[in-house]
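Listed here are the chains, written in short residue letters.
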Amino acid sequence: MSENNSGFNSYFGFLMAAIGSAIGFGNIWGFPYKMGTHGGFAFLICYLVLCVFVGFIIMFGELFLGRREQKGPVGTYMMVGKRNNKNFMFMGWLAMLSAVFLMGFYCTLGGYVFKYMIANLGSMFHASWGVNADAATYFTTFVTDQGQAVIWAILFVVVTALICIGGVSGGIENFCKIGMPLLFLILIIMIVKAALLPGSAAGFAFIFKPQWSALAGKSLITTLGSAGGQMFFSLSLGMGAMITYGSYLGKNNNLQKSSITIVFFDTLAAVMAACAVFPAVFAFGLEPAGGPGLLFVTMQNVFDSMGAVGPLFGFLFYLLTTIAGVSSSISLLEVATVSLQELTGKGELKDGWSRMKAILVSSAIILVLNVIVAADGLGGTGMPQPLGFCWLDFFDLFSEGLMMPFGALVMALIIGWITGKDAVLAEATLEGEKFPAINFYMFCTKIIAPIGMAFILLGQIDSFFSLGLFS
Ligand code: PFF
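*Asks:* Help me understand the site of the ligand in this model?
*Replies:* Lining the immediate surroundings of the ligand are 17 residues, of which Ala22, Gly26, Tyr106, Phe233 and Ser234 lie closest. Take serine 21: an N or O atom from its main chain is 3.2 Å from a nitrogen atom of the ligand. Alanine 22 has a polar backbone atom sitting 2.9 Å from a nitrogen atom of the ligand. For the ligand, whose free accessible area comes to 340 Å², the fraction covered by protein is 100%. For the shell around the ligand, the secondary structure elements donating two or more residues are helix H1 (11-22), helix H2 (25-37), helix H5 (89-124), helix H10 (219-234) and helix H14 (310-344).

Next up, the structure:
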């Protein structure tokens with residue numbers, strides 16, 4: 001490994017960075033709504049089962065591959081191919097392209113969150129740049145104001161790039177070591193505030209009340225599809241983020257415990273986000289929603305209804321969302337950067353472009369994609385739409401819809417059928433650690449996780465093209 005790229009300084013730093021990659025917008029606007037509308041506690045059970053049989057399996061697989069090869073996705077798959085006389089180069093490309101497509105719209109959303117954080121700060125001081133219209137009007141006016149949306153998106157790309165330029169330990173690790181504990185602290189404050197609002201109980205009921213019908217008959221397929229799509233995206237799987245971070249993980253750290261810890265904290269943050277959001281939404285008699293509508297209209301409505309303390313809680317909430325977004329976007333840029341270095345170095349970081357050049361080139365490409373997405377204003381500015389999708393959904397289709405689930409599916413197959421048990425065991429027990437569940441692991445990575453990922457891939461295609469297969 002070369003310049004700036006010598007890994008994390010501490011195991012705590014690694015954990016915070018990996019948990020930071022996992023906790024993102026998906027946890028805050030995806031999980032709570034899906035849980036509320038797909039069976040409450042019944043959804044949570046499906047989600048946890050999928051985490052054990054698919055999420056943990058792939059998380060461990062990515063960390064294992066990255067740490068064994070000590071390389072990013074391109075170098076790792078080249079090495080895995082070489083060891084087995086095969087060519088897995090396409091997997092490296094897939095990882096890099098999914099990262100770029102995902103970043104192609106993630107930063108636009110990040111720009112929206114920045115804007116809302118600053119606007120709520122403005123409202124605290126009754127400034128003219130505060131939130132100055134009702135939530136729905138404010139949002140539509142902002143996203144369709146192309147100049148503004150583009151500038152905030154560019155700012156988000158620049159912040160992400162600057163942190164990565166700071167280096168793996170100097171930038172990414174330091175940001176996450178402070179950001180993650182702060183994020184959990186703000187989540188606790190938001191939950192307490194929401195729980196104390198009169199009428200919040202209906203929100204807790206919306207999230208947690210088990211609707212067992214969600215597990216009966218055909219509904220089970222819908223529930224599993226929704227939980228599976230949410231799970232692999234939320235855990236940052238299938239595009240080499242955990243391979244890349246795994247390559248910075250010390251050989252003396254336990255791979256099994258690390259995987260479990262990341263899955264645990266990501267799920268905890270998602271459930272906590274649900275407890276912070278929906279009790280407040282119901283307390284003010286608002287309609288539950290998902291996606292950008294939840295984050296930018298419903299939640300802003302909540303803060304507008306809170307009276308004098310509203311802007312303070314609004315600022316805290318969007319700060320928390322900013323931390324979640326940035327800690328994810330830096331992991332995506334890191335994947336793109338390292339992959340580009342390795343591609344130009346024929347699998348070797350040291351022979352390819354410098355880290356700085358790779359960061360600048362990937363950021364420039366990502367910036368261009370985000371200019372398109374931001375200018376499109378979620379399809380509200382009259383720009384031509386590809387295949388009938390708004391540009392955000394179009395890029396999302398490639399990354400979250402197709403490439404990521406496909407990448408995770410193939411990776412599980414490679415570990416199960418090609419890399420094999422002995423190699424997994426050798427890497428996971430380097431320091432004499434026990435791996436009592438190795439047979440369970442191998443069974444899952446050979447059979448259960450690939451079936452699960454194939455099902456999730458189908459579910460993603462179904463939901464993007466509204467085919468109705470799962471409903
Ligand atoms: N896990 C992030 C979220 O929940 O928003 C999204 C993500 C980040 C996916 C990084 C993949 C990745 F590599």
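*Asks:* Mind showing me how you'd approach the nonpolar core here?
*Replies:* Side chains of nonpolar character tend, in soluble globular proteins, to be buried together. In this structure, Ile262 and Phe317 are the most contacted members of the largest nonpolar core, which totals 166 residues. Discounting residues that sit within four places of it in the chain, phenylalanine 317 has contacts with Ile28, Met190, Val277, Leu295, Met299 and Phe303. Formed by six residues, the second largest nonpolar core is a distinct cluster that contains Met89, Met96, Leu343 and Ala358.

*Asks:* It is not clear to me how helix H15 (residues 355-376) should be interpreted in this structure. Could you clarify?
*Replies:* The periodicity of an α-helix, 3.6 residues per turn, causes residues three or four places apart in sequence to face the same way. Its 22 residues give H15 an end-to-end C-alpha distance of 31 Å, which sits within 8% of 32 Å, the value for a rise of 1.5 Å per residue. Three or more residues of H15 are buried, namely Arg355, Ala358, Ile359, Ser362, Ser363, Ile366, Leu369, Asn370, Val373, Ala374, Ala375 and Asp376. Looking at the buried positions of H15, the neighbouring elements they touch are H5, helix H6 (135-143), helix H7 (146-165), helix H8 (168-196), H14 and helix H16 (391-419). Glycine 377, located one to two residues past H15, shows a positive phi value of around 50°.

*Asks:* Explain helix H12 (residues 255-283) here, please?
*Replies:* Taking 1.5 Å of rise per residue, the 29 residues of H12 would be expected to cover 42 Å, and the 43 Å separating its terminal C-alpha atoms lies within 8% of that figure. Within H12, 22 of the 29 residues are buried, which leaves it mostly tucked inside the rest of the structure. The opening residue of H12 is asparagine 254, an N-cap whose side-chain oxygen sits 2.9 Å from the backbone nitrogen of glutamine 256. Two residues or fewer past H12, glycine 285 is found with a positive phi of approximately 65°.

*Asks:* Would you explain the side chain of asparagine 27 in this entry?
*Replies:* Among the structural elements, asparagine 27 can be located in helix H2. When sequence neighbours within four positions are dropped, the list of residues in contact with asparagine 27 reads Ala22, Pro32, Gln230, Ser234, Asp266, Ala269, Ala270 and Ala273.

*Asks:* Explanation requested: the environment of glutamine 230 in the structure shown.
*Replies:* Residue placement: glutamine 230 occurs in helix H10. Sequence spacing of glutamine 230 and leucine 402 is 172 residues, and the spatial spacing of their C-alpha atoms is 14 Å. Not counting chain neighbours up to four residues away, the residues in contact with glutamine 230 comprise Gly26, Asn27, Gly30, Phe31, Lys34 and Tyr47. Within the structure, the side chain of glutamine 230 is placed 3.0 Å from the backbone oxygen of glycine 26, a separation counted as a polar contact.

*Asks:* Please clarify how the pattern of salt bridges should be interpreted in this entry.
*Replies:* Two side chains of opposite charge can pair, provided their charged atoms sit close to one another. Tallied over the full model, the rule gives eight salt bridges. Taken together, the shared-partner salt bridges in this structure form one network comprising Arg67, Lys251 and Glu427.

*Asks:* How should unusual backbone geometry be read in this particular structure?
*Replies:* Phi at asparagine 85 takes a positive value of approximately 55°, unusual for a residue other than glycine. Here asparagine 85 shows up in the loop between helix H4 (73-83) and H5. With relative accessibility at 75%, the residue asparagine 85 sits in the exposed group. The residue histidine 126 is not glycine, and still its phi comes out positive at about 55°. Tracing the backbone through its elements, the reader meets histidine 126 in the loop between H5 and H6. According to the relative accessible area criterion, histidine 126 is exposed, its value standing at 75%.

Rules and cut-offs
Residues numbered from 1 in each chain as written. Predicted model: local features only at pLDDT ≥ 70, side-chain atom pairs only at ≥ 80, totals over all residues. Heavy atoms only, no water. Near = heavy atom within 4 Å. Polar contact = N/O pair within 3.5 Å; in protein donor to acceptor, adjacent residues only side chain to side chain. Areas by Shrake-Rupley, 256 points an atom, 1.4 Å probe, with all protein chains shown as cover. Helix = DSSP H or I, 4+ residues; strand = E, 2+ residues; numbered from the N terminus. Core = buried A, V, L, I, M, F, W, Y, C linked by side-chain atoms within 4.5 Å. Buried < 20%, exposed > 50% of the residue type's maximum accessible area, 1.4 Å probe, protein only. Contact = heavy atoms within 4.5 Å. Expected span 1.5 Å × (residues − 1). Salt bridge = Lys/Arg side-chain N within 4 Å of Asp/Glu carboxyl O.

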